[in-house]
Amino acid sequence: MDSTAAASNDIEADAFKRLYPEQFYDRFLAEGVRPDGRPLGRARAVTIGAGAITSADGSALVKVGRTTVLAGVRLEIARPDETAPGDGQLLINVELAPFSSADYRPGRQPEHVSAIAEKLASALLSGDAVQLKSLCIAEGKAAWRATLDVYVLDADGCVLDAALLAALAALRNTRIPAVRNTREGHYVPARGGGGGEAGLVPSSPTAVDITRMPLGLTCCLYREHILVDPTADEERLAECGVSVVLDQHGRLQGLYKAGGKVLADVAMLVKCTEAARLRHRDLTKLLEQSLQAGQATPS
Amino acid sequence: MNAMLSVSGVPSVCAWTLVCERSVLDRADGSAKWSQEGSSVLAAVYGPRQAKVQKEDAERAIVEVVYKPRAGLQSNEDRSLEMEIRGVLEGVIPLGMHPRTSIMVVLQVLQEDGSVLPCALNAACAALVDAGVPMSSMYASVACALTADERLLLDPDAAEEQAAKARFCFTFPHHFDLVKAAEGEAVVSEGVLGSRSFGSFSTEHLLEAFQVCRLGCERVAQFARLSLTKSLQAIT
């Protein structure tokens, strides 16, 4: 008897949420909590699994709440671009898995995926966060071309933040193999040892040099509330998000607000950047722990 | 010539050419061509009209934005701009007024010399006004760039954008205060509708750019109001 009553209550709550999402959220927000039990200012728990894919040169699986993003780095040797003979290359590719969200439609990738790819590229490449010079093997002859693939497995809000964290963790996790110069003058990766020390290029890079660590935090503006690190439901309800990307020194790398119903004044923007600053500190700590754990257990 | 700005954010030189032509296309419900300095964007608005079954929303209108670059195919950046523009339009159009319909805004870049996003946003606003789509307020958009020696340049051209450490674009809604309307003043809101700022900058730079762009938006808003009243006078 009790269990059926509880079940019908659950159904009623679920129906209420679907039919009157605003009223549903207002009741929670009036109490200063969110449906998942978090206060408005608290971000979700994060787990970082560095080196999740053994066959990739670098990888990471990141979970922010239920949002799951997998990033992998594949390395190959290529001739550098003639306009930048001393630089390697970093190609960024973001894909949304069909099962990741209910809004997914087959065909062309939705535009918010393009937006995430563009923001990732802006954070990692334009602000010289990733030193492309560190990927050079022999100037004008050979350099590493790194392909960073980001797969969004579960899109439950704040996909940009999770994607940026996964991309950074995967790049930090990347171990660049030694390079051998063959008799014909080709540069080939010396994977799996063998052949001894003969022909190894002495000064080839071993890790991707990252001078700035861009990480992001998204906040939703809903009426007068600021919801930090919203879920997909909250994002849909508020329709107004502010994403802040900043580096370890607290210097901003990006501040994006794509319209929406709420206007953000100076105080709100400052609150969002402060929240992002605190979040960056926590994420950096977790990232370092995870990278050390990944090194300790040789794959 | 760009308006150079000192740290206090007061424009010292203001020779800013803005041109707005309305109803330039016959077939569209509303259209406008907006030029500012070297950049120019043509905007066309279709709708509110029947939405595609897949996309229609029973409770509100949907906004579709198509952003065509000056040449070539759409890049990731262009699609990201589409999303940004759509967000801004959804913020000012009362969507609940036209359920099950679609409002389509097509933006074609004609000339590209920096500050294209604000140009496109301003063109879209003028075209929506021309089409008579209800809006809760008009808006104005302005870009600025942080130079290597940490000065702010309002409305940068392509070369200045390339050399900039950081780039900002802010969009503010504005309305006409009846008390101040006699002097042709537009009241720009304190809160920002859209922001697209990236590069490397401190919070101080951000706040400074915010104020500078707000001042810039005041001028754009004045211009938009002036051009609108002039064209209405011409009709009557």
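The model shown is predicted, which means the values in this text are computed figures rather than measured ones. (Residues numbered from 1 in each chain as written. Chains lettered and ligands numbered in written order. Predicted model: local features only at pLDDT ≥ 70, side-chain atom pairs only at ≥ 80, totals over all residues. Heavy atoms only, no water.)

(A) Broad picture of the nonpolar core. By size, the foremost hydrophobic cluster in this structure holds 84 residues, and its most contacted members are B:Leu89, B:Ile93, B:Leu107, B:Tyr139 and B:Phe168. Top element by residues in this core is helix α2 (residues 116-131) of chain B. It accounts for eleven residues. A:Val69, A:Leu96, A:Ala155 and A:Val179 belong to the second-largest nonpolar core, a separate cluster that totals 55 residues. (Core = buried A, V, L, I, M, F, W, Y, C linked by side-chain atoms within 4.5 Å. Buried < 20%, exposed > 50% of the residue type's maximum accessible area, 1.4 Å probe, protein only. Helix = DSSP H or I, 4+ residues; strand = E, 2+ residues; numbered from the N terminus.)

(B) Region of the structure containing the environment of B:Leu215. In this structure, B:Leu215 sits in helix α4 (residues 203-235). With 175 residues separating them along the chain, B:Leu215 and B:Ser40 place their C-alpha atoms 22 Å apart.

(C) Spotlight on the packing of aromatic side chains. Residues and elements named next belong to chain B. Counted by the stated rule, this structure contains ten aromatic pairs over all chains. Between Phe168 and Phe201, the aromatic rings sit 4.9 Å apart at their centres with planes inclined by 70°, giving edge-to-face as the arrangement. Taken together, the positions of Phe168 in strand β9 (residues 166-175) and Phe201 in strand β11 (residues 194-201) put the pair 33 residues apart, joining distant regions of the chain. The pair formed by Phe168 and Phe201 is uniform in burial state, with each residue classed as buried. (Phe/Tyr/Trp six-rings, centres within 6.5 Å; stacked < 30°, edge-to-face > 60°.)

(D) Up close: the UniProt feature "domain: Exoribonuclease phosphorolytic" (unreviewed entry) in chain B. When the UniProt feature table is mapped to this numbering, "domain: Exoribonuclease phosphorolytic" (unreviewed entry) covers residues 18-134 of chain B. Helix makes up 28% of residues 18-134 of chain B and strand 36%, with an end-to-end C-alpha separation of 24 Å. (UniProt positions renumbered as here; feature names shortened; annotations may be inferred.)

(E) Representation of the pairing of β9(B) within the structure. All names here are of chain B. Most of β9 is tucked away: eight of the ten residues are buried. Sheet topology note: the strand β7 (residues 138-146)/β9 ladder contains nine bridges and is antiparallel. Residue Ser141 lies in a different strand from β9, and its bridge partner there is Thr171. In the sheet, β9 pairs with β11 via four bridges, with the strands oriented antiparallel. Its bridge partner being in β11, Ala166 is matched across the sheet by Gly199. (Pairing = 2+ DSSP bridges.)

(F) A look at empty space enclosed by the protein. Summed over the entire model, instances satisfying the criterion amount to three cavities of 30 Å³ or more. Considering only enclosed or pocket space, the largest cavity measures out at about 70 Å³ in volume. The wall of the largest cavity is formed by B:Cys20, B:Arg22, B:Trp34, B:Asn122, B:Cys125, B:Ala126, B:Met138, B:Tyr139, B:Val220, B:Ala224 and B:Ser227. If you list the elements that add at least two residues to the lining of the largest cavity, you get β2 (18-22), α2, β7 and α4 of chain B. Its residues assigned to classes, the lining of the largest cavity shows eight nonpolar, two polar and one charged. In this structure, the second largest cavity occupies an estimated 50 Å³ of space. As for the second largest cavity, its lining consists of A:Val46, A:Val64, A:Asp161, A:Ala162, A:Leu165, A:Gly216, A:Leu217, A:Asp229, A:Arg279 and A:Leu283. For the lining of the second largest cavity, the secondary-structure elements that each account for two or more residues are α4 (159-173), β9 (215-222) and α6 (266-296) of chain A. (1 Å grid on protein atoms, 1.4 Å probe; cavity = no way out; pocket = protein on both sides within 12 Å on 5 of 7 lines; lining within 4 Å. Points joined across faces, edges and corners; volume = space filled by probe spheres on them. Nonpolar A, V, L, I, M, F, W, Y, C, P; charged D, E, K, R; others polar.)

(G) Geometry of the interface of chain B and chain A. The interface is formed by 36 residues belonging to chain B together with 32 residues belonging to chain A. Both sides of the chain B and chain A interface together cover about 2,800 Å² of buried area, and 52% of this is carbon and sulfur. Counting the surface chain B buries against chain A, the share from its top three residues, B:Arg79, B:Met83 and B:Phe201, is 20%. In this assembly, chain B and chain A are joined by four salt bridges. As a salt-bridge pair, B:Arg86 and A:Glu111 come within 2.8 Å of each other at their nearest N and O atoms. Our count for the contact surface shared by chain B and chain A stands at 19 residue pairs in polar contact (both at pLDDT 80 or more). Residue assignment for the side of chain B that touches chain A shows that the elements contributing at least two residues are α1 (76-92), β11 and α4 of chain B. Sort the elements by how many residues they give to the side of chain B that touches chain A and α1(B) lands first, with eleven residues. Class assignment of the residues belonging to the side of chain B that touches chain A gives a composition of ten nonpolar, 16 polar and ten charged. (Contact = heavy atoms within 4.5 Å. Buried area = accessible area lost by both parts, 1.4 Å probe. Salt bridge = Lys/Arg side-chain N within 4 Å of Asp/Glu carboxyl O. Polar contact = N/O pair within 3.5 Å; in protein donor to acceptor, adjacent residues only side chain to side chain.)

(H) Here's a closer look at the environment of B:Ser141. Residue and element names in this part refer to chain B. By the element assignment, Ser141 lies in strand β7. Residue Ser141 is classed as buried on the basis of its relative accessible area, which comes to 0%. The sequence separation of Ser141 and Gly194 amounts to 53 residues, and the corresponding C-alpha distance is 8.7 Å. Residues in contact with Ser141, not counting those within four places in the same chain, are Pro118, Leu121, Asn122, Cys169, Phe170, Thr171, Cys217 and Val220. Among the polar contacts listed, one links the side chain of Ser141 to the backbone oxygen of Phe170, at a separation of 3.5 Å.

(I) Geometry of the pattern of salt bridges. Inspection of every chain in the model, using the stated rule, returns 32 salt bridges over all chains. For A:Arg145, the salt bridge goes to A:Glu76, with nearest N and O atoms at 3.3 Å. Taken together, the positions of A:Arg145 in strand β6 (residues 142-154) and A:Glu76 in strand β3 (residues 67-78) put the pair 69 residues apart, joining distant regions of the chain. Between B:Glu150 and A:Arg251 there is a salt bridge, with its nearest N and O atoms 3.7 Å apart. Within this pair, whereas B:Glu150 is found in the loop between β7 and β8 (152-154), its partner A:Arg251 is found in the loop between β11 (241-246) and β12 (252-257), the two belonging to separate chains.

(J) Here's a closer look at the layout of surface pockets. All names here are of chain B. Put simply, the second largest pocket is a space of about 850 Å³. What lines the second largest pocket is a set of 35 residues, and nearest its centre among them are Glu77, Glu161, Arg167, Arg196 and Phe198. Residue composition of the lining of the second largest pocket, by class: 16 nonpolar, eight polar and eleven charged.

(K) Quick peek at α2(B). Residues and elements named next belong to chain B. Under the 1.5 Å per step criterion, the end-to-end length of α2 is 22 Å for 16 residues, consistent within 8% with the ideal 22 Å. Taking burial as the measure, the 16 residues of α2 include 13 buried ones, the bulk of the element. Looking at the residues trailing α2, positive phi occurs at Gly132, about 75°. (Expected span 1.5 Å × (residues − 1).)

(L) Just the pairing of strand β2 (residues 58-64) of chain A, in detail. Residues and elements named next belong to chain A. Of all the seven residues making up β2, five are buried; the element is thus mostly covered by neighbouring parts of the structure. Bridge count for strand β1 (residues 46-50) against β2 is five bridges, and the pairing is antiparallel. Directly across from Ala50, in β2, lies its bridge partner Ala60. Looking at chain direction, β2 and β3 are connected through seven bridges and run antiparallel. In the sheet register, Leu61 faces β3, and the bridge partner there is Leu70. If you look at the hairpin formed by β2 and β3, you'll find two residues sitting between the two strands, and Gly65 has a positive phi there, around 60°.

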